[in-house]
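Commentary on secondary and tertiary structure
One-letter residues, chain by chain:
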Amino acid sequence: MAMGMQRRANVRLPPEVNRVLYVRNLPYKITAEEMYDIFGKYGAIRQIRVGNTPETKGTAFVVYEDIFDAKNACDHLSGFNVCNRYLVVLYYQATKAFKKVDTDKKLEEIEKMKTKYGLGTPEQQQQTQAS
């Protein structure tokens, strides 16, 4: 056992590898217990969150205790067939997950600033001067 841990310490993983997996293309009816059965084979799981809103149905987050278990699960379960659906298993990346939300917020802020300071395109300025 000590030899296995020592070997793991010397392994360099790519920077995108982490303990949290993002799973897409899940059957809508899948339960947390079924998720534990599928993903638990690859190591100890800390948490599983299955999407339950219309936007998040068919997705889940699986958090492993150990990063090597997460890598093993990602390598083996990506493309795994569950109820005639092929799973898409990715490493969770917070920067990508919230990029669209951040972009929408920035655009909203820009619009607020434009209206606050009376800025806009030349056509908009001509329309406001004409009226």
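An account of the accompanying structure is given in this report. (Residues numbered from 1 in each chain as written. Predicted model: local features only at pLDDT ≥ 70, side-chain atom pairs only at ≥ 80, totals over all residues. Heavy atoms only, no water.)

**Considering helix 2 (residues 32-39)**
Looking at helix 2, one finds that the buried residues are Met35, Ile38 and Phe39. Each buried residue of helix 2 lies within a common arc of 80 degrees when the element is viewed along its axis, so the set occupies one face. Along helix 2, exposed side chains directed more than 90 degrees from the buried face belong to Glu33 and Asp37. The inward-facing, buried residues of helix 2 abut strand 1 (20-24), strand 2 (45-50), strand 3 (60-64), helix 3 (67-77) and strand 4 (81-82). (Buried < 20%, exposed > 50% of the residue type's maximum accessible area, 1.4 Å probe, protein only. Helix = DSSP H or I, 4+ residues; strand = E, 2+ residues; numbered from the N terminus. Arc of directions from axis to C-beta. Contact = heavy atoms within 4.5 Å.)

**Focus on the nonpolar core**
Membership of the largest hydrophobic core comes to 21 residues, with the highest contact counts inside it found for Leu21, Val23, Met35, Phe39, Val62 and Tyr64. Within the residue set of this core, elements represented by two or more residues are strand 1, helix 2, strand 2, strand 3, helix 3 and strand 6 (88-91). When residues of this core are assigned to their parent elements, the largest contribution, four residues, is made by helix 3. Not counting residues up to four positions away in its chain, the partners in contact with Met35 are Leu26, Ile30, Gly40, Ile48, Val50, Ala60 and Val62. (Core = buried A, V, L, I, M, F, W, Y, C linked by side-chain atoms within 4.5 Å.)

**A look at helix 3**
Of all the residues in helix 3, the buried ones are Asp69, Ala70, Ala73, Cys74 and Leu77. Down the axis of helix 3, the buried set is contained in an arc of 135 degrees. They therefore lie on one face.

**Brief notes about the packing of aromatic side chains**
Taken as a whole and assessed by the stated rule, the structure comprises two aromatic pairs. Measuring from centroid to centroid gives 5.2 Å for Tyr22 and Phe61, while their planes differ by 40 degrees, and the two rings are tilted. One end of the pair, Tyr22, is in strand 1; the other, Phe61, is in strand 3, with 39 residues separating them in the sequence. An angle of 90 degrees between the planes, with centres 5.3 Å apart, marks the rings of Phe61 and Tyr92 as edge-to-face. Remark: Tyr92 occurs in the loop between strand 6 and helix 4 (94-97) and Phe61 occurs in strand 3; sequence separation between them is 31 residues. Taken together, the ring pairs connect Tyr22, Phe61 and Tyr92 into an aromatic cluster. (Phe/Tyr/Trp six-rings, centres within 6.5 Å; stacked < 30°, edge-to-face > 60°.)

The analysis is restricted to geometry; functional conclusions fall outside its scope.
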